[in-house]
Amino acid sequence: MALDFVLSFGGAANSRATRHGVLGRFYEYLSVYDDQTETLERRVFPRSRAIPPPRILSESELVSLIDACARISPGIPLRGRTMATLIGFLASSGEVVRLDRSDVDLTNGVLLVRKTKFRKHRLVPVHTTTQAALRHYVRVRDAAFPQPKDQAFFLSSRGNRLSATGLKNGFAEVRKFAGLDDGKPLRPHDLRHRFAVTRLSLWHQQRANVQALLPLLATYLGHASYSDTAYYLTGSVDLLAMAAERAFLDGGAA
């Protein structure tokens, strides 16, 4: 009966393993009161530790994703503007963080990223176009909520800090409106991968010394080692083509 219940769920293998684990813990609890209760074999549904590869959006797909933000909650314009600014911010800087208003210096174009995964603060400069987008968001946000409920930079439709769940749900709606639900799944974190790949592609186009510039990318992303940065450097078709071209200039290895 337990196996039939788990197998009736049509989701991913790890989701079935989670469902089986919940049942197993319930059976263990029930066995305290009824010694006839059977225990479930823990390894019937082994978990997969494989990390799904990121989806690297093309420029047109990214534009479609940002444009689709205007279609969610048309009666609450701030919600769509918050999602559009967050998506553009992530694509242009590789960051999605719990920013407070005091962390954003739009005069100098510098953000204070607090307590990342390595529990360190760091300063992150942003492009002038990103500064302009953030300034526009501030005007829309402050018009909607002249008296904010907290010091969060990005607000939900209720005027408080946008939660991780709010971002996840909003992103799912935008992705559907943009027609990006077909094929490989798209997650907000994939835009951080896209940022790293795009930066490498630009350096290759500029004929820059990519190897020498990698420490700059690692520092910008807040990584303690290059192996952490390498995780984000997905080998897209365009990037591999440029790297191969540079590797064999004049008919030999460069």
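Computed from a predicted structure; not experimentally measured.

A. Fine view of helix α8 (residues 210-221). Given a rise of 1.5 Å per residue, 12 residues ought to cover 16 Å, and the 16 Å separating the end C-alpha atoms of α8 matches this to within 8%. Those residues of α8 that sit buried are V210, L214, L217, A218, Y220 and L221. Projection of α8 onto a plane perpendicular to its axis shows the buried side chains occupying an angular sector of 155°, all on one side. The exposed residues of α8 that point more than 90 degrees off its buried face are L216 and T219. Phi for G222, located one or two positions after α8, is positive at around 80°.

B. Representation of unusual backbone geometry within the structure. Positive phi outside glycine occurs at S73, with the angle close to 45°. Looking at the element boundaries, S73 is found in the loop between α3 (59-67) and α4 (77-93). Residue classification places S73 among the partly exposed positions, given a relative accessible area of 24%. A positive phi angle, close to 60°, is found at R207, a residue other than glycine. Note on placement: R207 falls in the loop between α7 (190-205) and α8. Judged by its relative accessible area of 45%, R207 is partly exposed.

C. Up close: the pairing of strand β2 (residues 110-113). Covered by surrounding structure in β2 are L111 and V113 only, the residues V110 and L112 on the alternate face being uncovered. When strand β1 (residues 104-105) meets β2, the two strands line up antiparallel, connected through two bridges. Looking at β2, one finds that V104 is bridged to L111. Hairpin geometry of β1 and β2 is characterised by an intervening segment of four residues between the two adjacent antiparallel strands and by a positive phi of about 70° at G109. For β2 and strand β3 (residues 122-125), the ladder comprises four bridges, and the chain directions are antiparallel. Bridging from a neighbouring strand, L112 pairs with L123 of β3.

D. Structural context of the packing of aromatic side chains. Per the stated rule, a full pass over the model turns up eight aromatic pairs. Look at F153 and F154: their rings are 5.0 Å apart centre to centre, the planes differ by 85°, and that puts the pair in the edge-to-face class. Of the two residues, F153 and F154, neither departs from the other in class, the shared state being buried. Put simply, the rings of F26, Y27, Y29 and Y33 touch in pairs and so form one group of aromatic residues. A cation over a ring is seen here: R19 above F5, with NZ or CZ 4.5 Å from the ring centre. Its guanidinium or amino end placed over the ring of F153, R141 lies 5.0 Å from that ring's centre, counting from NZ or CZ.

The rules behind the values
- Residues numbered from 1 in each chain as written.
- Predicted model: local features only at pLDDT ≥ 70, side-chain atom pairs only at ≥ 80, totals over all residues.
- Heavy atoms only, no water.
- Helix = DSSP H or I, 4+ residues; strand = E, 2+ residues; numbered from the N terminus.
- Expected span 1.5 Å × (residues − 1).
- Buried < 20%, exposed > 50% of the residue type's maximum accessible area, 1.4 Å probe, protein only.
- Arc of directions from axis to C-beta.
- Pairing = 2+ DSSP bridges.
- Phe/Tyr/Trp six-rings, centres within 6.5 Å; stacked < 30°, edge-to-face > 60°.
- Lys NZ or Arg CZ within 6 Å of the ring centre and 35° of its normal.

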